[in-house]
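# Structure assessment
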Amino acid sequence: MLKLVFTGIWVCAVTLGSVYFSMQSASAPVVADGETARRAAEQYVPGEMITIPVIRDGSVQGYFLTKLSFSATKEGINNLRAPLRQMVTDELYDLLVGSKFIDIADTGTFDLPTFKTTVKDGLNKKLGGEVITEVLVEQLEYLTKEDVKRVANSQNVPRQKPVPIVDKNGNVADDKLPEGAVKASSSH
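In this report, we go over the structure that sits alongside the text. (Residues numbered from 1 in each chain as written. Predicted model: local features only at pLDDT ≥ 70, side-chain atom pairs only at ≥ 80, totals over all residues. Heavy atoms only, no water.)

### Side note on helix α5 (residues 112-127)
In a regular helix each residue adds 1.5 Å, so 16 residues correspond to 22 Å; α5 covers 22 Å between its end C-alpha atoms and thus fits that length. The secondary structure elements touched by the buried residues of α5 are β3 (59-73), α4 (84-96) and β4 (132-144). Once α5 ends, the next one or two residues include G128, with phi positive near 80 degrees. (Helix = DSSP H or I, 4+ residues; strand = E, 2+ residues; numbered from the N terminus. Expected span 1.5 Å × (residues − 1). Contact = heavy atoms within 4.5 Å.)

Structure representation (structure tokens):
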């Protein structure tokens, strides 16, 4: 009988100990005060799907389909002379039309982090300050000129899917907005 009581006490102690340790490890991670303040001062701005022509040798070779979203400082957004989305679209055309960022003939040279940094730096230069804090590439794909013609002529030919751009490290551009950012930015 005494053996049964000790076994019951031992099971209770192990259960209470495992519950205690699981609750300790499941508690919310501690976020530094600086990180909390930085997040509170930023706003996520969802981007628009834009089509950028790839011009080579004086003619259009195909089109990039891209959707970039941004993390920007609220103060910087409030000080802009035009809406951020329109300024971003304009700057993306300036940066990407005719540029050699993404060489379709040699996609192995594409570097996604460099692309994000270049876009961020170009946007901040145009906006006149450190407004954009992060660039999120949600979609970056390529359609050939023939694919676009096939769709435009409504030919009954199976359409190829856009080709995702893969950088030299094997990364595909598919960043996601943080949870709650979509809701927060759509309410503004």
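### Some points on the pairing of strand β2 (residues 49-56)
Both β2 and β3 contribute to a ladder of eight bridges, which runs antiparallel. Note on β3: the bridge partner recorded for T51 is L65. Hairpin connection of β2 to β3: two residues between the antiparallel strands, including D57 at a positive phi of 55 degrees. (Pairing = 2+ DSSP bridges.)

### What to know about the pattern of salt bridges
Opposite charge on two side chains allows them to pair when their charged atoms are near. As enumerated under the stated definition, the model contains three salt bridges in all. Here K126 and D94 are joined by a salt bridge, their closest N and O atoms 3.6 Å apart. One end of the pair, K126, is in helix α5; the other, D94, is in helix α4, and 32 residues separate them in sequence. The class of K126 is partly exposed, set by a relative accessible area of 26%. Among the salt bridges present, the one from K120 reaches E130, with a minimum N-O distance of 3.9 Å. Here E130 lies in the loop between α5 and β4 and K120 lies in helix α5, a separation of 10 residues in the sequence. (Salt bridge = Lys/Arg side-chain N within 4 Å of Asp/Glu carboxyl O. Buried < 20%, exposed > 50% of the residue type's maximum accessible area, 1.4 Å probe, protein only.)

### So, the packing of aromatic side chains
Within this structure, the stated rule accounts for one aromatic pair. Each ring, one from Y20 and one from F21, has its centre 5.4 Å from the other, and the planes form 75 degrees; the classification is edge-to-face. (Phe/Tyr/Trp six-rings, centres within 6.5 Å; stacked < 30°, edge-to-face > 60°.)

### A closer look at the environment of V166
For V166, the location among the structural elements is in the loop between β5 (163-164) and α7 (181-186). For V166, a relative accessible area of 33% puts it in the partly exposed group. Between the alpha carbons of V166 and L112 there is a distance of 8.1 Å; along the sequence they are 54 residues apart.

### As for a nonpolar patch on the surface
Side chains of L2, V5, F6 and I9 sit close together on the surface and give an oily, nonpolar patch of about 410 Å² of accessible area. For I9, the position within the fold is in helix α1 (residues 2-26). (Patch = residues over 30% accessible without salt bridge, like charges linked within 9 Å, V, L, I, M, F, W, Y side chains within 5 Å. Areas by Shrake-Rupley, 256 points an atom, 1.4 Å probe, with all protein chains shown as cover.)

### Topic: the nonpolar core
Core analysis: the largest hydrophobic core is formed by 30 residues, its most contacted members being F70, L84, F115, V119, I132 and V137. When contributions to this core are tallied by element, the ones reaching two or more residues are β2, β3, α4, α5 and β4. In terms of residue count, the dominant contributor to this core is α4 (six residues). (Core = buried A, V, L, I, M, F, W, Y, C linked by side-chain atoms within 4.5 Å.)

The quantities given are spatial measurements derived from coordinates; they are silent on function.
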